[in-house]
Amino acid sequence: INGEIVGNYSFTTIANSLKKTLNPYLPALIPLAKSQRIDENNFSLNFTVGNTEKLSNILSFPVTFYSDVNISGFYNNLTDKLQLEFFYPSAKIAGSSVKSGYFKVENNKDKLISSLSGIVLGKKYLQNNFELTLDAANNTVNTSVFFDNVDKKKFNGKVNASALFSREEGTN
């Protein structure tokens with residue numbers, strides 16, 4: 001792993017800081033403590049993770065990266081803005097080979113948005129494209145899954161689902 005984190009951050013308060021940032025989108029799932037100390041957490045990060053094949057085999061991880069993974073992002077609790085991006089050119093995830101993988105999570109004033117995409121390599125080098133997107137706002141998570149293949153026998157599909165979360169008053 002090579003990289004850097006630049007800016008101000010506190011390991012002791014970053015979890016509470018993130019809860020404060022994420023609470024407006026899913027308050028039923030991410031309740032805030034009544035009193036919590038939060039220091040300034042305003043930083044950017046940029047990392048490169050090399051081939052993890054040996055480490056994944058030793059520790060039986062379900063994910064193995066075969067080429068450099070680029071991770072970048074920022075978090076600023078003063079403005080409640082965050083963004084995190086992963087790009088992994090070649091990986092094995094839960095036994096499936098994936099190439100051109102990309103993950104991103106970010107927020108704006110209205111919602112928290114996340115996406116995951118890539119190409120799953122099937123038998124006989126069949127390429128199956130996928131994209132999973134989620135957005136969260138007002139205790140609702142909307143999910144969309146899209147898939148298609150690159151083959152003579154084409155198939156594709158899109159599935160949408162929503163989940164609404166609630167919490168009884170006075171429970172934590």
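In what follows, the structure referred to is the one given above.
Analysis parameters
- Residues numbered from 1 in each chain as written.
- Predicted model: local features only at pLDDT ≥ 70, side-chain atom pairs only at ≥ 80, totals over all residues.
- Heavy atoms only, no water.
- Helix = DSSP H or I, 4+ residues; strand = E, 2+ residues; numbered from the N terminus.
- Buried < 20%, exposed > 50% of the residue type's maximum accessible area, 1.4 Å probe, protein only.
- Contact = heavy atoms within 4.5 Å.
- Lys, Arg positive; Asp, Glu negative; His and termini not counted.
- Charge placed at Lys NZ, Arg CZ, Asp CG, Glu CD.
- Patch = residues over 30% accessible without salt bridge, like charges linked within 9 Å, V, L, I, M, F, W, Y side chains within 5 Å.
- Areas by Shrake-Rupley, 256 points an atom, 1.4 Å probe, with all protein chains shown as cover.
- Salt bridge = Lys/Arg side-chain N within 4 Å of Asp/Glu carboxyl O.
- Core = buried A, V, L, I, M, F, W, Y, C linked by side-chain atoms within 4.5 Å.
- Phe/Tyr/Trp six-rings, centres within 6.5 Å; stacked < 30°, edge-to-face > 60°.

A. Molecular detail of the overall build of the protein chain. Across its full length, the protein chain holds two helices and 10 strands. Taken over the C-alpha atoms alone, the protein chain extends approximately 60 × 40 × 25 Å along its principal axes. Counting all 172 residues of the protein chain, 27% fall into the buried class. In the protein chain, the proportion of contacts linking residues at least 24 apart, taken out of those at least 6 apart, comes to 42%. Looking at charge distribution, the protein chain has the averaged site of its 18 positive side-chain charges lying 8 Å from that of its 15 negative ones.

B. A nonpolar patch on the surface, seen in detail. A cluster of nonpolar side chains, namely Leu-55, Ile-58, Leu-59 and Phe-61, defines an oily patch on the protein surface of about 420 Å² accessible area. Checked against the element boundaries, Leu-59 lands in helix α2 (residues 53–59). The class of Leu-59 is partly exposed, set by a relative accessible area of 46%.

C. Representation of the nonpolar core within the structure. Grouped together as the largest cluster of nonpolar side chains are 12 residues: Phe-43, Leu-45, Val-49, Phe-65, Val-69, Ile-71, Tyr-75, Leu-82, Tyr-88, Ala-91, Val-98 and Phe-130. Taken together, the elements giving at least two residues each to this core come down to β2 (42–49), β4 (69–76) and β5 (81–93). When sequence neighbours within four positions are dropped, the list of residues in contact with Ile-71 reads Leu-45, Asn-46, Phe-47, Val-49, Leu-84, Glu-85 and Phe-86. Among the nonpolar cores identified, the runner-up in size contains seven residues, and Ile-30, Val-105, Leu-112 and Val-141 belong to it.

D. Structural view of unusual backbone geometry. Unusually for a residue other than glycine, Ser-60 sits at a positive phi of about 55 degrees. The residue Ser-60 is located in the loop between α2 and β3 (63–65) in this model. In the Ramachandran plot, Asn-138 falls in the positive-phi region, its phi being about 55 degrees despite a non-glycine side chain. Inspection of the secondary structure assignment puts Asn-138 in the loop between β8 (127–137) and β9 (140–150).

E. How the structure looks around the packing of aromatic side chains. Evaluation of the coordinates by the stated rule reveals six aromatic pairs. With 6.2 Å between their ring centres and 70 degrees between their planes, Phe-43 and Tyr-75 make a pair best called edge-to-face. Placement of the pair is Phe-43 in strand β2 and Tyr-75 in strand β4, with a sequence separation of 32 residues. In this structure, Phe-43 and Tyr-75 share a single accessibility class: buried. Ring-pair connections join several aromatic residues into one group, and the members of that group are Tyr-9, Phe-11, Phe-43 and Tyr-75.

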